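Structural characterization, general
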Amino acid sequence: MNTIVGLDLGSLSLPGWHPRHNDGACIVRAYAVTHRDGVFLYDTGVGTGSDFIDEVYSPANIDLVDALGDAGIDERDVSAIANSHLHFDHCGQNHRLDAPIWVREAELEAATGEFYTVPEWAYISDSRRRLAAGNAIVAEGLTLIETPGHTPGHQSLLVDDVDGGRVVLGGQVCWSCAELVGSGPVDADAHDPTWIEAAYESVRRVRALAPATVWLAHDTSPCQL
Ligand SMILES: [Zn+2]
């Protein structure tokens, strides 16, 4: 049986120009999945040491290792990590651990773009990088699913054999549970206007998996489709 715990890694204050500014503080969540052979971590939150991020987003950060400890997880038990995507608030604490990191080629490519992320946080050394393509089985009952739209190489994690059925860790496949169960992704959440169709298709893909619950990166609600 796989178990999932949400890790609260703090929050961001979104600037006035951000499309989600009026929603208030943006919470940042990662998820740890304990499986037969270790712990698989999905996202690592915001990093430290970027003057730009500090100034624009005033992050209230929680250290990843502390958050794991609070959840009763020894960081040495984390056997692998996946970043849903490489925006600064999803990969910022990759360096706090030394486990391999699953990403997609399209995401690595996107992350070279200007103003995409904090390059030092998104950088993944050759020795840690694992490339996922299509549906990638990363542990027993754990499959990374391609869900582009918010970014070109966005991926979700399907977790089978969880108490209560299967679960999808959806990252930013949608901004909120309300949108995921309602009208779906909005234009402002897509990488650019050409990616909105892909974003819808990704939501359809998640729905088709018929998960009991979907958990998102910026919403604490257990989302029932
Ligand atoms: Zn993002």
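Structure's up top.
Residues numbered from 1 in each chain as written. Predicted model: local features only at pLDDT ≥ 70, side-chain atom pairs only at ≥ 80, totals over all residues. Heavy atoms only, no water.

**What about the coordination of the zinc ion?**
- Looking at the metal site, the zinc ion is ligated by His-85 (NE2), His-87 (ND1), His-150 (NE2) and Gln-172 (OE1), spaced 2.1 to 2.7 Å from it.
- All donor residues of the zinc ion come from one chain, and their arrangement in sequence is H-x1-H-x62-H-x21-Q. Remark: Gln-172 occurs in the loop between strand E11 (165–171) and helix H6 (177–181) and His-150 occurs in the loop between strand E9 (142–146) and strand E10 (155–162); sequence separation between them is 22 residues. Taken individually, His-150 and Gln-172 each receive the classification buried, so the pair is uniform in this respect. (Donors = N, O, S within 2.8 Å, 3.2 Å for Na, K, Ca; no water. Helix = DSSP H or I, 4+ residues; strand = E, 2+ residues; numbered from the N terminus. Buried < 20%, exposed > 50% of the residue type's maximum accessible area, 1.4 Å probe, protein only.)

**Digging into the side chain of Arg-29**
- Relative to the assigned elements, Arg-29 resides in strand E2 (residues 26–35).
- Only 3.0 Å separates the side chain of Arg-29 from the side chain of Asp-8, close enough to count as a polar contact.
- Here the side chain of Arg-29 touches Tyr-31 through a polar contact of 3.1 Å, side chain to side chain.
- Filtering out sequence-adjacent residues up to four positions away, Arg-29 remains in contact with Gly-6, Leu-7, Asp-8, Asp-43, Trp-215, Leu-216, Ala-217, Asp-219 and Thr-220. (Polar contact = N/O pair within 3.5 Å; in protein donor to acceptor, adjacent residues only side chain to side chain. Contact = heavy atoms within 4.5 Å.)

**Re the sheet that holds E11**
- Reading across the sheet, the five strands line up as E8-E9-E10-E11-E12 and stay open at both edges, with mixed pairing between neighbours. The open sheet is flanked by strand E8 (136–139) and strand E12 (213–216), the only strands paired with a single partner. The mean angle between the axes of side-by-side strands here comes to 25°, regardless of whether they run parallel or antiparallel.
- Taken together, the five bridges between E9 and E10 define a ladder with antiparallel strand orientation. In the strand pairing of E10, Leu-144 is matched with Leu-157. (Pairing = 2+ DSSP bridges. Axes fitted to C-alpha atoms, helices over the stretch in contact; angles between N-to-C directions.)

**Focus: unusual backbone geometry**
- Backbone geometry at Asp-43 places phi at a positive 80°, although glycine is not the residue there.
- Even without being glycine, Ser-58 reaches a positive phi, approximately 35°.
- Position of Ser-58 relative to the elements: it lies in the loop between helix H1 (51–57) and strand E4 (60–61).

**Remarks on the state of the cysteines**
- Tallied over the full model, the rule gives one disulfide.
- Here Cys-177 connects covalently by a disulfide to Cys-223, the sulfurs 2.2 Å from one another. Because the torsion about its S-S bond is 90°, the bridge between Cys-177 and Cys-223 counts as right-handed. Of the two residues, Cys-177 sits in helix H6 while Cys-223 sits in the segment after E12, which places them 46 residues apart along the sequence.
- Classification of Cys-177 by relative accessible area gives buried; the value is 12%.
- Judged by its relative accessible area of 0%, Cys-223 falls in the buried class.
- In this structure Cys-26 is not part of a disulfide, and its nearest cysteine sulfur, from Cys-174, lies 14 Å away. (Disulfide = S-S within 2.5 Å.)

**Observations concerning the side chain of Asp-189**
- Tracing the sequence through the fold places Asp-189 in the loop between H6 and helix H7 (196–208).
- Those residues in contact with Asp-189 that lie beyond four places of it in its chain are Arg-20, Gly-149, His-150, Trp-175 and Glu-179.

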